[in-house]
Amino acid sequence: MVGKRPNILVTGTPGTGKTTTATALAEATQLRHINIGELVKEKNLHDGWDDELDSYILNEDLVCDELEDVMEEGGNIVDYHGCDFFPERWFNYVVVLQTDNTILYDRLTKRGYKESKLSNNVESEIFQVLLEEAKESYAEDKVIALKSNTIEDIDSNIATLTDWVRNWSV
């Protein structure tokens, strides 16, 4: 990683607080927040809509091409529920947010998720799919799992990550 400021990936099952955490962390550190879901919509970096999953079909190559230059510069917080297709060299730190199933279920229900999408995401959290994906895709010392059940958890996570960014050096 050649950038002067670190790149952080904030990942986790939908509903674990990725965007909330990434937005607050960006404000606290002056790093750039990149919400992959929004970027995909804005720049049409997808292969259409999946009715079953009720989401866009992400085109991983288009996303990586779009982000290559900005990631090389450093100073980014990337927010997405997947992590295995990003080049490992892009990130100095991979944060996997985790939420208790009952809390996650309530959050996703409030978002109006269909039953199939709801159960799919809760099962993903139960089996720690994204934590395993992160551990398989990135060096062990880059990956950290953080609980994200309450506002206090989120505040604590932001404080921890803000300290890490402030103390980071190339």
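Here, the structure is the one placed above.
Here goes a summary of the coordinates provided.

### Things to note about the sheet that holds strand β2 (residues 32-35)
In spatial order, the strands read β2-β5-β1-β6-β7; together these five strands make up an open sheet with parallel pairing. Every other strand in the sheet has two partners, leaving β2 and β7 (143-147) as the edge strands with one partner each. Ignoring strand direction, the axes of neighbouring strands in this sheet form an average angle of 20°. In terms of strand pairing, strand β1 (residues 8-12) meets strand β6 (residues 93-98) through five bridges, oriented parallel. Bridge assignment links G12 to a residue of β6, and that residue is L97.

### Section: the nonpolar core
Counting residues in hydrophobic clusters, the biggest one holds 26 residues, and the most contacted among them are I36, V63, L67, F86 and F91. At the level of elements, α2 (36-43), α3 (60-73), β6 and α6 (129-137) are the ones that each hand at least two residues to this core. Looking at this core element by element, the count peaks at five residues for α3. If we skip the residues at most four places from it in the chain, L67 touches I34, I36, L39, F86 and W90. Core analysis: the second largest hydrophobic core is formed by 13 residues, I8, V10, A26 and L161 among them.

### Remarks on the side chain of K18
Looking at the secondary structure, you find K18 in helix α1 (residues 18-29). Within the buried set, K18 has no salt-bridge partner at all; the shortest N-O distance to an opposite charge, 5.3 Å, is to D79.

### Let's talk about the packing of α1 against helix α7 (residues 151-167)
Where α1 meets α7, the closest approach of the two axes is 10 Å, and the angle between their N-to-C directions is 40°. In terms of orientation, α1 and α7 fall into the oblique class. Where α1 crosses over α7, the handedness of that crossing is right-handed. Taking contact as the criterion, the partners of T20, T21, A24, L25, A28 and T29 in α1 are, on α7, I154, I158, L161, T162, V165 and R166. Class assignment for the residues of the contact of α1 with α7 results in seven nonpolar, four polar and one charged.

Thresholds, definitions, all that
- Residues numbered from 1 in each chain as written.
- Predicted model: local features only at pLDDT ≥ 70, side-chain atom pairs only at ≥ 80, totals over all residues.
- Heavy atoms only, no water.
- Pairing = 2+ DSSP bridges.
- Helix = DSSP H or I, 4+ residues; strand = E, 2+ residues; numbered from the N terminus.
- Axes fitted to C-alpha atoms, helices over the stretch in contact; angles between N-to-C directions.
- Core = buried A, V, L, I, M, F, W, Y, C linked by side-chain atoms within 4.5 Å.
- Buried < 20%, exposed > 50% of the residue type's maximum accessible area, 1.4 Å probe, protein only.
- Contact = heavy atoms within 4.5 Å.
- Lys, Arg positive; Asp, Glu negative; His and termini not counted.
- Salt bridge = Lys/Arg side-chain N within 4 Å of Asp/Glu carboxyl O.
- Parallel < 35°, antiparallel > 145°, perpendicular 65-115°, else oblique.
- Left-handed = near helix turned anticlockwise from the far one by under 90°.
- Nonpolar A, V, L, I, M, F, W, Y, C, P; charged D, E, K, R; others polar.

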